[in-house]
Amino acid sequence: MEQGCCTIKTLTHIPKTHPRLESLLVRERLVKGFECGLVAVEGLLAEGRGEAFDYLLGEKTSRAARKATRVAAAQLLLAKRPVISVNGNTAALCAKDVVNLAKVANAGIEVNLFYANKKRKQNIALVLKKNGATQVLGTGKKMKQLPGIDSSRRMVDKDGIFSADVVVVSLEDGDRTLALKKSGKNVITFDLNPMSRTATSADITIVDNITRAISLLAEYCKKMSGNSTKSLEGIVNKFDNKKNLADSIIEIRKHLARRARIA
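Residues numbered from 1 in each chain as written. Predicted model: local features only at pLDDT ≥ 70, side-chain atom pairs only at ≥ 80, totals over all residues. Heavy atoms only, no water.

This paragraph deals with the environment of F239. Of note, F239 is situated in the loop between α9 (229-237) and α10 (241-262). Separated by 36 residues in the primary sequence, F239 and D203 have C-alpha atoms spaced 9.2 Å apart. If near-sequence neighbours (up to four positions away) are discounted, F239 is found in contact with K67, A68, V71, D203, I204 and N244. (Helix = DSSP H or I, 4+ residues; strand = E, 2+ residues; numbered from the N terminus. Contact = heavy atoms within 4.5 Å.)

Residue position: S62 is located in the loop between α2 (41-57) and α3 (63-78). On the basis of relative accessibility, which here comes to 8%, the residue S62 falls in the buried class. (Buried < 20%, exposed > 50% of the residue type's maximum accessible area, 1.4 Å probe, protein only.)

Let us look at the confidence of the model for the protein chain. Chain-level pLDDT for the protein chain is 88 on average; 93% of the residues reach the 70-or-more range. Throughout residues 1-8 the model reports pLDDT below 50, and contacts reaching past four residues in sequence, or to other chains, amount to 28 contacts. (pLDDT = per-residue confidence, 0-100.)

Now for the nonpolar core. Counting 53 residues, the largest nonpolar core has L76, L101 and L128 as the members making the most contacts within it. Looking at this core, the element that brings in the most residues is helix α4 (residues 88-105), giving 10 residues. If we skip the residues at most four places from it in the chain, L76 touches P82, L101, A105, V166, V168, I188, L217 and C221. (Core = buried A, V, L, I, M, F, W, Y, C linked by side-chain atoms within 4.5 Å.)

Hydrogen bonds along the backbone pair up the strands of a sheet, which may run parallel or antiparallel. Pairing is parallel in the open sheet, where 5 strands are placed in the order β2-β1-β5-β6-β7. Sheet topology places β2 (108-111) and β7 (204-206) at the edges, where each strand pairs with a single neighbour. Adjacent strand axes in the sheet meet at a mean angle of 20° when their direction is disregarded. Along the sheet, α4 contacts β1 (82-86), β2 and β5 (166-170); its crossing angle with β1, the most-contacted strand, is approximately 175°. (Pairing = 2+ DSSP bridges. Axes fitted to C-alpha atoms, helices over the stretch in contact; angles between N-to-C directions.)

Moving on, we come to the packing of aromatic side chains. Considering all chains together, one arrives at 0 aromatic pairs under this definition. Stacked on the ring of Y220, the Lys or Arg K223 has its end atom at 5.9 Å from the ring centre. (Phe/Tyr/Trp six-rings, centres within 6.5 Å; stacked < 30°, edge-to-face > 60°. Lys NZ or Arg CZ within 6 Å of the ring centre and 35° of its normal.)

Positive phi, close to 55°, is recorded for E59, a residue that is not glycine. Looking at the element boundaries, E59 is found in the loop between α2 and α3. For E59, a relative accessible area of 32% gives the class partly exposed. Of note, the phi angle at N106 is positive, near 55°, even though the residue is not glycine.

Below you can see the structure in the form of structure tokens.
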């Protein structure tokens, strides 16, 4: 497979009966994403850390995660200028789901990378467009600097994250989450680690694997699209992210206790 291509196909050598099928397919999509110039080598390491936390969660969507996802849907539907931030891992794992979420939530899509280079941004934008995106921000010349951050993530699209009121971030770093918050934006994040800076800094943290959670978020957006503004505001205002993170940790503890009894 040539470097820079954007067609990701999983190999067929993994038996469908393999007990770790889904996990192996995720790993393979990331490897292919690396070969296609979407994923940074550091992104492969980050996936391993996330998978470890997914084990602790029992590799399923918890009650706390579902609650946060419902609130995130309400926040997106209330937003005037929502934007979904996409990095290489997200593009490799769930480009189609990102595009679907953007459509149902009427949100923009922007490529924003920690390990940034022009070619990788273009590759990510291309794979998103191949999956149905009509516009992908973050690759043009209208870039602005996000205050309070020194990494390459500071450069954001003037018509995208810079102007957004709600930003969905995935597989994120805490520095940018804090910078987005200080800029007055509401931040929704997918983070398998409920104790990370990102998770504890965001307004709404979905402690779940993005491969499960992003499609569920789109489903909630569809179901709730007819809700009144008052109803959606009530859902968001009642949500306590810190409490929900604590509930996520409790669910991890309960899962580990069940595993200990089995052992």
